Amino acid sequence: MTFKMTYWVAFRTIVMKEMLRFMRISAQTLLPPAITTVLYFIIFGELIGARIGDMAGFRYVDFIVPGLILMAVISNSYANVVASFYGSKFQHYVEEMLVAPLPNWVILLGFVSGGVARGVMVGIVVTLVALFFSDIQVHSYAVTLAVFVLTSILFSLAGFINAVYANSFDDISVIPTFVLTPLTYLGGVFYSITLLPEFWQNVSLANPVLYMVNAFRYGLLGVSDISLTLAFAIIIGFIALLSAYCMHLLNRGVGIKS
Amino acid sequence: MWPFVFNLSLMTPSLNGDVLIVKALHIEQLTKVYPKGVQALSGIDLRVEQGDFFALLGPNGAGKSTAIGVVCSLLNKTSGKVRIFGHDLDTEREAAKACIGLAPQEFNFNMFDPVVEILTNQAGYYGIPHAEAAERAEKLLRQLHLWDKRRVQARLLSGGMKRRLMIARALVHHPRLLILDEPTAGVDIEIRHSMWAFLREINQQGVTIILTTHYLEEAENLCRNIAIISQGRIVEQTQVHELLRRLHQEVFVIDTAQALDKMPSIEGFKLDKVADHRMEVSVSREHGLSQLFAGLNAAGVEVVSLRNKQNRLEQLFMDVVNHSRGTGV
Ligand SMILES: Nc1ncnc2c1ncn2[C@@H]1O[C@H](COP(=O)(O)OP(=O)(O)OP(=O)(O)O)[C@@H](O)[C@H]1O
Ligand SMILES: [Mg+2]
């Protein structure tokens, strides 16, 4: 019973520390996504988008809003956890947690919550920017919020795994550059996959980001290339898989204990 | 302040030479092979009584930090048993962890965090609510003369201040066992002495302390019991004063007023001339120094200064370690 209380205190401590970390460096964490989003809206939304016309029955600038928000959520959740947990390994202060009587799941939950906090904050910033450029009515708040948070959890977990295996600062930028960015760009942020030839449509279906972007687009606009049930099943399935894998890594002490 | 006060008289040895009261630290046949094959510990046994002030000595690479790493859950052991206040690391890890406070050899705090947050966060990981953590942090930072620096980023502290910060952090959850891996490395003499006083006080309040050090003077000054580790094995475990008692000979260096043209000879002492105005004298335990002075006086030698040729404990340490290496113990 008292143990539960101490876990809660430990969890809070990790989350507060994580939030303080990215708030202290908000010029590097909260500002850049706002700036890139403005650029995307000006270039793709206003300049190019005006010539594209409608997509899936929406103005192009409105069509890309969900994808742009989710893209920011994905990269920021991931970046927060990978940088923070790798930093704690690099400077060895992960040991402060390893010596303390707190179970591994509290550590994981703490870091993931930190990643979600950053994802949500950046998501809000980007949404506010988006409201300047576009005109969208939320189709379903429940779906929008659920996808928003679940995606953030999923990529926080992925960032955690990256950090566990990373042995240098290069290692924490390899995955975002060579895996995450291509997946998000090809995940239907800027287009509906119905525009693609059938072969590439099928290839796209192997990209998990596609499901999140489409589910989120459904939440905001009410249109999706994919069935909503399938999208949620895939997101939740990935979360379960990655959580289990993170716990396995932590329990074995991979990357943190010889 | 320290809730864990033990009456030393309770620790009566039982018939089998064991002690009735549970050990603060009990290590049995602990081995550690690092992933790349380095065998750092080859089956060590160690018992530390509650309330003890215990020194773990050994040359560089002997395995001290490795043993501490296993005890504090920073390293996985290869085999063996570790119990902390009776809590087995394999079955009651959290209870065991809660008993220990660690100040490791290498700095391991976030260099960009303010000093006070390092303490309150660590307390948080141990489940201490923030308000209480802040109180404890203030108390410890004042005691260790770091209160003025509480808002400073840790990287801006001097080396000695960083060491004290690690000690403060190790104490923030009021551990029953404090483990200090070279706590005074790089600490100036004045601060070292005040740290000693602080540690003695903590120990008197009932906290068991284990420290590693390369300053034998430190072990001699602070510790009651001592273990010497060499090449991953315990080669000696005894009381500090017992170890000192084993020193039969001491060599003194004596500077004289007159040039030593003719060396005096004094019954029971071996005198060697090493320079015109300097000699070395081996003094065994049976003969006191006053006998030596009487002899020198009689021979008309005027003594200007006298000092120990070498720290006795250092000599003994070298003997034990070399012996263990030589015989492959
Ligand atoms: N992470 C590691 N991986 C592989 N080998 C290691 C690791 N850490 C220590 N060792 C090896 O284990 C042995 C014992 O090292 P340890 O750090 O325990 O020595 P120590 O007694 O603390 O020495 P010192 O007085 O220099 O601190 C050494 O041979 C060392 O090289
Ligand atoms: Mg060491």
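As the structure is a prediction and not an experimental result, all values here were calculated from the model.

Cut-off values and rules
- Residues numbered from 1 in each chain as written.
- Chains lettered and ligands numbered in written order.
- Predicted model: local features only at pLDDT ≥ 70, side-chain atom pairs only at ≥ 80, totals over all residues.
- Heavy atoms only, no water.
- Domains from an automatic or database assignment.
- Contact = heavy atoms within 4.5 Å.
- Buried area = accessible area lost by both parts, 1.4 Å probe.
- Helix = DSSP H or I, 4+ residues; strand = E, 2+ residues; numbered from the N terminus.
- Donors = N, O, S within 2.8 Å, 3.2 Å for Na, K, Ca; no water.
- Pairing = 2+ DSSP bridges.
- Axes fitted to C-alpha atoms, helices over the stretch in contact; angles between N-to-C directions.
- Salt bridge = Lys/Arg side-chain N within 4 Å of Asp/Glu carboxyl O.
- Buried < 20%, exposed > 50% of the residue type's maximum accessible area, 1.4 Å probe, protein only.
- Near = heavy atom within 4 Å.
- Polar contact = N/O pair within 3.5 Å; in protein donor to acceptor, adjacent residues only side chain to side chain.
- Areas by Shrake-Rupley, 256 points an atom, 1.4 Å probe, with all protein chains shown as cover.
- Expected span 1.5 Å × (residues − 1).
- Bend = angle between axes of the 7 residues up to and from the residue.

Some details on the domain arrangement of chain B
Residue and element names in this part refer to chain B. Annotation of chain B at the domain level lists domain 1 (48-73 + 90-244) and domain 2 (249-324). A straight line from the C-alpha centre of domain 1 to that of domain 2 covers 39 Å. On the side of domain 2, 10 residues touch domain 1, which itself brings 12 residues to the contact. For the pair domain 1 and domain 2, the two sides together bury roughly 1,000 Å², of which 74% comes from carbon and sulfur.

What to know about the side chain of Thr66 of chain B
Here Thr66 of chain B is to be found in helix 1 (residues 64-71). Filtering out sequence-adjacent residues up to four positions away, Thr66 of chain B remains in contact with Lys32, Tyr34, Ala40, Leu41 and Leu75 of chain B.

Regarding unusual backbone geometry
All names here are of chain B. Although it is not a glycine, Glu182 sits at a positive phi angle of roughly 50°. Within the fold, Glu182 resides in the loop between strand 7 (177-181) and helix 6 (189-204). A positive phi angle, near 50°, is found at Gln231, a position not held by glycine. Counting through the fold element by element, Gln231 comes out in the loop between strand 9 (225-230) and strand 10 (233-239).

Topic: the coordination of the magnesium ion (ligand 2)
Only Ser65 of chain B (OG) and Gln105 of chain B (OE1) from the protein reach the magnesium ion (ligand 2) as donors, at distances of 1.9 to 2.1 Å. On the criterion of sequence distance, the pair formed by Ser65 of chain B in helix 1 and Gln105 of chain B in the loop between strand 6 (100-103) and helix 3 (115-125) is long-range, its members being 40 residues apart.

Considerations on the sheet that holds strand 9 of chain B
Residue and element names in this part refer to chain B. Ordered by their spatial adjacency, six strands build an open sheet running 6-7-8-3-9-10, and the pairing between neighbours is mixed. Both edges of this open sheet fall to strand 6 and strand 10, since each of them pairs with a single strand only. For this sheet the average axis-to-axis angle between neighbouring strands, irrespective of direction, equals 15°. Bridge count between strand 9 and strand 10: six bridges; the pairing is antiparallel. Across the sheet, Ile229 pairs through a bridge with Ile234, a residue of strand 10. The strands touched by helix 1 within the sheet are strand 3 (53-57), strand 6, strand 7, strand 8 (208-212) and strand 9, with strand 7 carrying the most contacts at an inclination of about 145°.

Looking at the pattern of salt bridges
Evaluated as defined, the whole model comprises 13 salt bridges over all chains. Note that Asp88 of chain B is salt-bridged to Lys81 of chain B, the shortest N-O span being 2.6 Å. Taking relative accessible area as the criterion, Asp88 of chain B reaches 8% and is therefore assigned buried. Owing to a relative accessible area of 35%, Lys81 of chain B belongs among the partly exposed residues under this scheme. Across the pair Glu132 of chain B and Arg136 of chain B runs a salt bridge, and its minimum N-O distance is 2.7 Å. Residue Glu132 of chain B and its partner Arg136 of chain B are located together in helix 4 (residues 130-143), separated by four residues, close to a single helical turn. Residues joined in a network through salt bridges with shared partners are Arg24 of chain A together with Asp113 and Glu117 of chain B.

A short note on the site of ligand 1
Taken together, the neighbourhood of ligand 1 is formed by 15 residues, with Asn60, Gly61, Lys64, Ser65 and Thr66 of chain B sitting nearest. Lying at an intersection of chains, ligand 1 is approached by residues of chains A and B. Measuring from an oxygen atom of ligand 1, one finds a side-chain N or O atom of Lys64 of chain B at 2.7 Å. Within the contact set of ligand 1, an oxygen atom lies 2.9 Å away from a side-chain nitrogen or oxygen of Gln105 of chain B. Look at ligand 1: alone it shows 640 Å² of surface, and the protein chains cover 65% of it.

What to know about helix 4 (residues 60-90) of chain A
Residues and elements named next belong to chain A. Its 31 residues give helix 4 an end-to-end C-alpha distance of 44 Å, which sits within 8% of 45 Å, the value for a rise of 1.5 Å per residue. Considering bend angle alone, the principal kink of helix 4 is centred on Pro66 and spans about 30°. Of all 31 residues in helix 4, 27 are buried, a share of seventy percent or more. Positive phi appears at His92, one or two residues downstream of helix 4, with a value of about 70°.

Let's talk about the sheet that holds strand 5 (residues 87-88) of chain B
All names here are of chain B. Taking strand neighbours across the sheet as the criterion, the four strands line up as 2-1-4-5 in an open arrangement whose pairing is antiparallel. A single partner strand is all that each edge strand has here, and the edge strands are strand 2 (39-48) and strand 5. Looking at chain direction, strand 4 (residues 79-84) and strand 5 are connected through two bridges and run antiparallel. Paired with Arg83 across the two strands is Asp88, which belongs to strand 5.

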